[in-house]
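Structural description and commentary
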Amino acid sequence: MSTGRGVGQDHLSVFEKLQLISWPLLILITLVAGVGFISLYSAAPGSVHPWALSQGVRFCFGMVGLIIVALIDIRFWMKAAYPLYVIGILLLIYVDIMGHLSLGAKRWINLGFMELQPSEVVKITTVLALARFFHASTSEDVRNPLYLLAPLFLVLVPTAFVLLQPDLGTALMILIVSAALFFLAGVRYWIFGVVIAGALALMPIAWHFMHDYQKKRVLIFMDPESDPLGAGYHITQSKIALGSGGVFGKGFLQGSQSHLNFLPEKQTDFIFTLFTEEWGLIGALCLMGLFAAIIAYGYFMSLSCQNQFGRLLSMGVVVNFFVYVFINMGMVMGLLPVVGVPLPMISYGGTAMLSVLFGFGLLMSSHVHRDVKFTRRGLDMA
Amino acid sequence: MNRDMERHKEFSRRALMLGVGKIALFSTLAVRLGYLQVFERQKFTTLSDKNRIGLRLLPAQRGEIMDRFGAPLAVNKQDFRALLVPEQSDDVEDTLARLAKLIPISAEEKEEIMVEIDQHHPYAPVLVKEDLTWQDMAKVDLNLPDLPGVSTEEGQMRSYPLSTATAHIIGYVGRVSKAEMTDDPAMSIPGFRIGKSGVEKKYDEILRGQAGEVQSEVNASGREIRELSRTEGKHGHRLTLTLDSDLQMQCQTIISQQPSASAVILDAHTGEVYALCSHPSFDPNVFSSGIPADLWEELLADPTNPLTNKAVAGQYPPGSTFKMMTALAGLESGAIDVNSRVYCPGSWMLGNKAFHCWKHQGHGSIDVVGAIRESCDCFFYEVGHRVGIDALAKMARRMGLGEKLDFDVPGEGAGLIPDTEWKRKRYKQRWEQGETVVAAIGQGYVLATPLQLATMAARIANGGKAVKPILVRSIEDEGSKIPDWPMIGINQAHLDLVHKGMFGVVNDQRGTAYAERIKELPFSMAGKTGSAQVKRITEAQRAAGHASAADLPWKYRDHALFVGYGPVDNPAYAIAVVVEHGLHGGSAAAPLARDIMLAALKRDPRVISTVDDAEKKATQDKLKDKN
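Residues numbered from 1 in each chain as written. Chains lettered and ligands numbered in written order. Predicted model: local features only at pLDDT ≥ 70, side-chain atom pairs only at ≥ 80, totals over all residues.

**Examining the overall build of chain A**
Summing up its helical and strand segments, chain A has 15 helices and 2 strands in all. When the 382 residues of chain A are sorted by exposure, 48% land in the buried category. Long-range pairs, those at least 24 residues apart, make up 71% of the contacts in chain A with a sequence separation of at least 6. (Helix = DSSP H or I, 4+ residues; strand = E, 2+ residues; numbered from the N terminus. Buried ≥ 20, exposed ≤ 12 C-beta atoms within 10 Å, placed from the backbone. Contact = placed C-beta atoms within 7 Å.)

This is the structure:
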């Protein structure tokens, strides 16, 4: 296996690593980010202030960060998985307490240059922790339901704290991504059947614990026309914007829905609507094609990994990205309730973009180090 | 490794299953989008059209600005205007041409309208003409059926009753430029204006208020069918300033005697600015309705800078008006005391370099009071040399120089008080002793704004209270904004000596401004003259007898300055006047300061009552004598 260009060697030089980085994926990511700048420019309207420019600056920093993360040895990330997981939880607890003290939902920490949302951080750290856990387990282990209690605990702790914020969208995302990792690790099919059945049975109880505004959103999702000027406004206006865009769109900077402020949160959660109103079905399909290409690329990178940690980590990042895209698009099209999930790389917002880029950095690191061999505990194979 | 191979296989199998699921979900999205955008397109397009005419903004009334007695400084007056919605007009050019037959629209204006139409969405109304007379509006209204897309509206224009006298301090409003756009929906109201300078700019958000909004259902031709919701706007807050509009006007008239001058007069104890003027000025009413390009060019090219508020932004070497700082630094540090005398032969030597006194024959032996009174340079060279630049700078800063004063008008100059550290940072050079000597008489690097000089005069006059100039007295119904100022901590005996010197400047025959004293009893003033070199006089020119700056071209002549306070006992006001290129503080700046001070004193009930008391006492004394 160990032939040429350092592939298969345990220690690679920085130069060798740079050669192993998958540049096509970086180009795809940059293209998607480019669509984001165009949309933010249009949302401003027709200005790089206040969104497009700062988003561009963040993207540049994020890309540099991505490459740095990719160059760091995958064994380091494996060793760091649990400590990072703990840090993520501590950050969550910190904002929960601060939010409690300031009598409201507080979801971010002000770092001065940006606002850090710990719930975005734990999405990635939970994937890291699960990948590390399942790396060390055998096929027999994961078939034992009792063995799964420990990883389940790893998932439920951050989910619970995120729910406390309360941030239903992120909590659901953590659960979905974790479920995918359990599935990929080889957990038996019937266990998923039982869990899904149980979740359906528990729904009425969950309903009881939901905030009023969350209940309202779900109800309105069922029947948006019931309240066209109130809370159903978001969905109705978004559908009008999408539909009136047609096949070819209204043209760049010409989205009347978006620019007359009929469209709410046009620079964050509803940016896909703004883009599609102006660029039409053709533009939207191109964008979806770019997302699909990124996901497909991630797939092949994950499958070519020669170790379980790298595979699970990569696939966790890819699934996380997919869930982001799917929930956001489904939400603005009226297929899913409005839960406040941004469109990755396009919506305005620092933490979401940086956490997605950090995730891609980890994906890239497992790709660069795909042939590195290590034991169940992450040490070098002597 | 077998074990991992097995895991890898299982992983791949399951990944494939997940992948199929993802493709299915993504396809659902694509199908849904196609459905919305292809099959339901017509329905949503109609809804979207309906939407976009359904929002109408109600402009909020801009807050008025009043002087301290409630006299208006900036108000809103009603006007009529014509608007055009390009989308509703079949041919914009044709409509405008027909409209031009009814009301005057110049070619220039028409060009601007066309540019504006290009920049906005076709469904957004564009302002065609404002400030229409009632007759003009009636003419347009009568012909509306022939003018598709045109409508008339009643609006409000900003008006400044004091015109040029408050142009700099109140500022003016103007159309929103691209760079000034924010997400305030009011910005999209046709003809909306924001503060561009002065108080109008600084307090724009408070004055602006909040635009209201009407959401209504409308048919395809834009007619309102029914109102769905209405949010009333909030009118902007009213500002009450500390200015006295009568005094402001008198002050502007007084400084207009010179080609380019500025003046500040403030309450010595509270810092309230009673008048702040800069001459030449401009008419803010013309600016508010849109500045004609040729007028703008002319104002920009004028060497006397009519657009600049020189009282706040102008930075000048303070010259001899700085000598009080040197005196106080010397007294407070103990380098000199009341009895210290310096012999002035007409120049002062540092090593082999001579520093000249303005009086070539010299002042002879002189003490601190005399040195202020007669503005002896040699005395202050010596004192400056003794205390050093850092102590000098520290004193100047404590008295309000060298730093911005957080004044309520944008564009405030910071001035400059140099010290050793400043020079190291700025020029990476050591401070030279000769520079201390120059700084001690307010030349060299030292710079101050008229506002800072007035603040300095107030701090001297009020016994060392750290007042700062205040312009806004209250916002709407909130209480007074005037704080209690802390004491700086300067020995009263030392201030008394300075007061004595400044009294002498104006009221002693040997003083540099004796000719400009207030002769009308019982009003009185103390002060200090100054002149600031604009062009250095070289040693060669001095030898050639070219010491007089009067034969230089205007723009190279010295600036004339005066700072002061009045009345002499129990000061109420502090003042600073700077006459650009006015040559001598005593002859150019002092008479202006005297007239402004006298006007202020005559208007002040506190001062008048003491006058009445004095008169009564005099009459009583006379009666007593008779008895």
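**Considerations on the interface of chain B and chain A**
Interface size is commonly expressed as the accessible surface area that is lost when the partners come together. Each partner contributes to the interface: chain B provides 36 residues, whereas chain A provides 40 residues. Of all elements in the fold, only α1 (2-39), α2 (41-52) and β9 (224-231) of chain B reach the threshold of two or more residues within the side of chain B that touches chain A. Along the lines of polarity and charge, the residues of the side of chain B that touches chain A split into 15 nonpolar, 9 polar and 12 charged. (Nonpolar A, V, L, I, M, F, W, Y, C, P; charged D, E, K, R; others polar.)

**What to know about the sheet that holds strand β19 (residues 559-566) of chain B**
Note: strands within a sheet are paired through backbone hydrogen bonds, in either parallel or antiparallel orientation. All names here are of chain B. Read across the open sheet, the 5 strands follow the order β12-β11-β20-β19-β18; overall the sheet is antiparallel. Bordering the open sheet on either side are β12 (273-279) and β18 (526-532), each of which pairs with just one other strand. The mean inter-strand angle of the sheet, taken between neighbouring strand axes irrespective of direction, is 10 degrees. Strand contacts of helix α9 (residues 245-255): β11 (261-267) and β12, with the helix running at about 30 degrees to β12, the strand carrying the most contacts. The strands touched by helix α18 (residues 450-461) are β11, β19 and β20 (573-579); relative to β20, the strand with the most contacts, the crossing angle is about 150 degrees. (Pairing = 2+ DSSP bridges. Axes fitted to C-alpha atoms, helices over the stretch in contact; angles between N-to-C directions.)

**Here's the deal with the pairing of strand β3 (residues 72-84) of chain B**
Residues and elements named next belong to chain B. As defined by bridge partners, strand β2 (residues 65-66) adjoins β3 across 2 bridges and the pair is classed as antiparallel. Bridge pairing in β3 places Met66 opposite Pro72. Linking β2 back to β3 in an antiparallel pair, the connection comprises 5 residues, with Gly70 at a positive phi of about 90 degrees. In terms of strand pairing, β3 meets strand β5 (residues 150-159) through 10 bridges, oriented antiparallel.

**As for the pairing of strand β15 (residues 353-356) of chain B**
All names here are of chain B. Pairing analysis gives 4 bridges linking strand β14 (residues 347-350) to β15, with the strands arranged antiparallel. Looking across to β15, one finds that Leu350 is bridged to Lys353. Two successive antiparallel strands, β14 and β15, enclose a turn made up of 2 residues, where Gly351 displays a positive phi of approximately 60 degrees.

**Quick notes on the packing of helix α5 (residues 118-135) of chain A against helix α14 (residues 308-332) of chain A**
All names here are of chain A. Put simply, α5 and α14 touch, their axes get as near as 8 Å, and they point 150 degrees apart. Relative to α14, the element α5 is oriented roughly antiparallel. Considering the relative orientation of α5 and α14, their crossing is right-handed. Seen from α5, the contacting residues are Lys123, Val127, Leu128, Leu130, Ala131, Arg132, Phe134 and His135; seen from α14, they are Gln308, Phe309, Leu312, Leu313, Gly316, Val317 and Asn320. Residue composition of the contact of α5 with α14, by class: 9 nonpolar, 4 polar and 2 charged. (Parallel < 35°, antiparallel > 145°, perpendicular 65-115°, else oblique. Left-handed = near helix turned anticlockwise from the far one by under 90°.)

**Comments concerning the confidence of the model for chain A**
This prediction gives chain A a mean pLDDT of 84; 87% of its residues lie at or above 70. Note that pLDDT drops below 50 for residues 1-8 of chain A; the model gives that stretch 12 contacts with residues more than four away or on any other chain. (pLDDT = per-residue confidence, 0-100.)

**Regarding the nonpolar core**
Membership of the largest hydrophobic core comes to 122 residues, with the highest contact counts inside it found for Ala263, Ile265, Ala454, Ala457 and Ile575 of chain B. Shared between two domains, this core takes at least three residues from each, and those domains are domain 1 (55-241) and domain 2 (245-298 + 311-611) of chain B. Among residues more than four places away in sequence, those in contact with Ile575 of chain B are Ala263, Val264, Ile265, Ala454, Ala457, Val563, Gly564, Tyr565, Ala593, Ile596 and Met597 of chain B. Counting 105 residues, the second largest nonpolar core, distinct from the first, contains Ala81, Ala171, Ala185 and Val341 of chain A. (Core = buried A, V, L, I, M, F, W, Y, C linked by C-beta atoms within 7 Å. Domains from an automatic or database assignment.)

**With respect to the environment of Ser256 of chain A**
Residues and elements named next belong to chain A. Note on placement: Ser256 falls in helix α12 (residues 256-259). Using a count of 23 C-beta atoms within 10 Å as the deciding quantity, one classes Ser256 as buried. A sequence separation of 18 residues divides Ser256 from Leu274, and the C-alpha atoms of the two residues are 9.4 Å apart.

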